[in-house]
Amino acid sequence: MIRMEFVNIYGAPPPDLVEVSATAMQFSPLVPGAADLAALPEASLESLAMLAPPGTLERRYALAQALRRLAPGAPFMALAPKDKGGARIAGDLTALGCPYLETARRHHRLCVAKGGGDPAAIATLIEEGGPRFLQNLGLWSQPGVFSWDRIDPGSAALLHHLPALSGAGADFGCGIGALARDVLRSSSVVSLALLDIDRRAIDMAKRNIVDPRARFQWADVLKADTLAGLDFVVMNPPFHEGGVENQALGQSFIRRAAASLRTGGVCWLTANRHLPYEAILKPLFRHASVVAETNGYKIFQARK
Ligand SMILES: C[S@@+](CC[C@H](N)C(=O)[O-])C[C@H]1O[C@@H](n2cnc3c(N)ncnc32)[C@H](O)[C@@H]1O
């Protein structure tokens, strides 16, 4: 066990397992404003505690970036719940040529290691988890972003029913820009604000949407300044947080959309059929209806 206060963190390691300085620098792409490990000079970081992400390619990429950016011998702790990638960290570090000591505490696996590793293996895993152009989608994407290598079926259903929109709008939780790309095909759209909490999604959306009408914001939709007077909002709202279903998140997105629209403005949204969005839409919009129900998804149109 490393007994030290970490001054650099990735994600939110549980405080009862890792001591973190109150002024620690954050490197998670899911925390707006955080620094990016990939932007640091190699071998420059003095320590890092990482709550390793669950997805295999994403986790290996993050571990490889950490080992590349840490100074040789700098303390590194990587941990995760056992059933959310924690059991894989040791194997990943072995593949990266990085010796470690593994312990198990409170349903987590913790690996203590030091900066360094096999440069060739590090380069390979950074390549495998980095941005890539997906020919089948015609879009840039990166492992770890939502539905990174396919169009989400809920989004596909919304795209199928979405009319040509007009005026000023927003895409809340834009991901890599799959919805925005279609929205901007309408020449009547004058502006589109794309917001997402995931820096990687915004970076990919910027590559995918090269259009002067698009504005990109790496931000938490629920904390960002409210956009006012919009003509439309499109969204496939999130309903998971940290791998756990959170219906309140999607409901908060709907409240945010209502607050951002002008009277008469329209919200188009797609949601899994089981999500209870009708009750939230009703008091916030003059008119809300299910336009289509297909493959387990509902497409709502709600007019303020
Ligand atoms: C269901 S996905 C939809 C992505 C994209 N619009 C699509 O259709 O493929 C929801 C998106 O919301 C983002 N997200 C989750 N919580 C957020 C928040 N509080 N603020 C902004 N974006 C958020 C996620 O990163 C994810 O990209």
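This report concerns the structure included in the present document. (Residues numbered from 1 in each chain as written. Predicted model: local features only at pLDDT ≥ 70, side-chain atom pairs only at ≥ 80, totals over all residues.)

## A look at the sheet that holds strand S1 (residues 5-10)
Either a parallel or an antiparallel arrangement is found when strands of a sheet pair, and the pairing is made through backbone hydrogen bonds.
Thought 1: The strand order across the open sheet built from six strands is S2-S1-S3-S4-S6-S5, with neighbouring strands paired in mixed fashion. The open sheet has two free edges, formed respectively by strand S2 (19-26) and strand S5 (100-105), since each of these has just one partner strand. Each adjacent strand pair in this sheet contributes to an overall mean axis angle of 30 degrees, direction not counted.
Thought 2: With seven bridges connecting them, strand S4 (residues 75-81) and strand S6 (residues 108-114) associate as antiparallel partners. Within S6, the residue paired with Met77 across the bridge is Val112.
Thought 3: Packed onto the sheet, helix H1 (residues 56-69) meets S1, strand S3 (48-51) and S4 and runs at close to 180 degrees relative to S3.
Thought 4: In this fold helix H2 (residues 86-95) packs onto S4, S5 and S6, with an angle of close to 25 degrees to the strand it touches most, S6. (Pairing = 2+ DSSP bridges. Helix = DSSP H or I, 4+ residues; strand = E, 2+ residues; numbered from the N terminus. Axes fitted to C-alpha atoms, helices over the stretch in contact; angles between N-to-C directions. Contact = placed C-beta atoms within 7 Å.)

## Side note on the nonpolar core
Thought 1: Ala180, Leu192, Leu194, Ala205 and Val233 are the most contacted members of the largest nonpolar core, which totals 53 residues.
Thought 2: Here this core gets six residues from one element, more than from any other, and that element is strand S15 (residues 261-272).
Thought 3: For Leu194, the contacting residues outside a window of four places in its chain are Asp171, Cys174, Gly177, Ala180, Ala205, Ile209, Ala214, Arg215, Phe216 and Gln217.
Thought 4: Core analysis: the second largest hydrophobic core is formed by 34 residues, Ala52, Ala78, Cys98 and Ile122 among them. (Core = buried A, V, L, I, M, F, W, Y, C linked by C-beta atoms within 7 Å. Buried ≥ 20, exposed ≤ 12 C-beta atoms within 10 Å, placed from the backbone.)

## A word on the sheet that holds strand S12 (residues 230-235)
Thought 1: Spatial strand order, S11-S10-S9-S12-S15-S17-S16: seven strands in an open sheet with mixed pairing. Single-partner strands in this sheet number two, and they are strand S11 (214-218) and strand S16 (287-294). Here the strands of the sheet are splayed against their neighbours by 15 degrees on average, with no regard to which way each runs.
Thought 2: The pairing of strand S10 (residues 189-196) with S11 spans five bridges and is parallel. Its bridge partner lying in S11, Leu195 is registered against Gln217.
Thought 3: In the packing of helix H4 (residues 153-161) onto the sheet, contacts are made with S15, S16 and strand S17 (297-303), and the angle to S15 comes to roughly 135 degrees.
Thought 4: Its contacts with the sheet put helix H6 (residues 199-208) on S10 and S11, and the angle it makes with S11 is roughly 165 degrees.

## Side note on the site of the ligand
Thought 1: Neighbouring the ligand are 19 residues; Ser155, Gly173, Gly175, Val221 and Pro238 lie closest to it.
Thought 2: Elements with a minimum of two residues in the shell around the ligand: helix H5 (178-183) and S10.
Thought 3: Residue classes in the shell around the ligand are distributed as ten nonpolar, five polar and four charged. (Near = placed C-beta within 6 Å. Nonpolar A, V, L, I, M, F, W, Y, C, P; charged D, E, K, R; others polar.)

## Structural notes on the packing of H1 against helix H3 (residues 119-129)
Thought 1: Two elements in contact, H1 and H3, have axes separated by 8 Å at closest approach and are oriented at 135 degrees. The angle between H1 and H3 places the two elements in the oblique class. Along this stretch, H1 crosses H3, giving a crossing that reads as left-handed. Contacts between H1 and H3 involve Leu57, Glu58, Arg60, Tyr61, Ala64, Gln65, Leu67 and Arg68 from the first element and Ile122, Leu125, Ile126, Glu128 and Gly129 from the second.
Thought 2: Grouping the constituent residues of the contact of H1 with H3 by class yields seven nonpolar, two polar and four charged. (Parallel < 35°, antiparallel > 145°, perpendicular 65-115°, else oblique. Left-handed = near helix turned anticlockwise from the far one by under 90°.)

Honestly, that's just the spatial picture; any functional story needs more than this.
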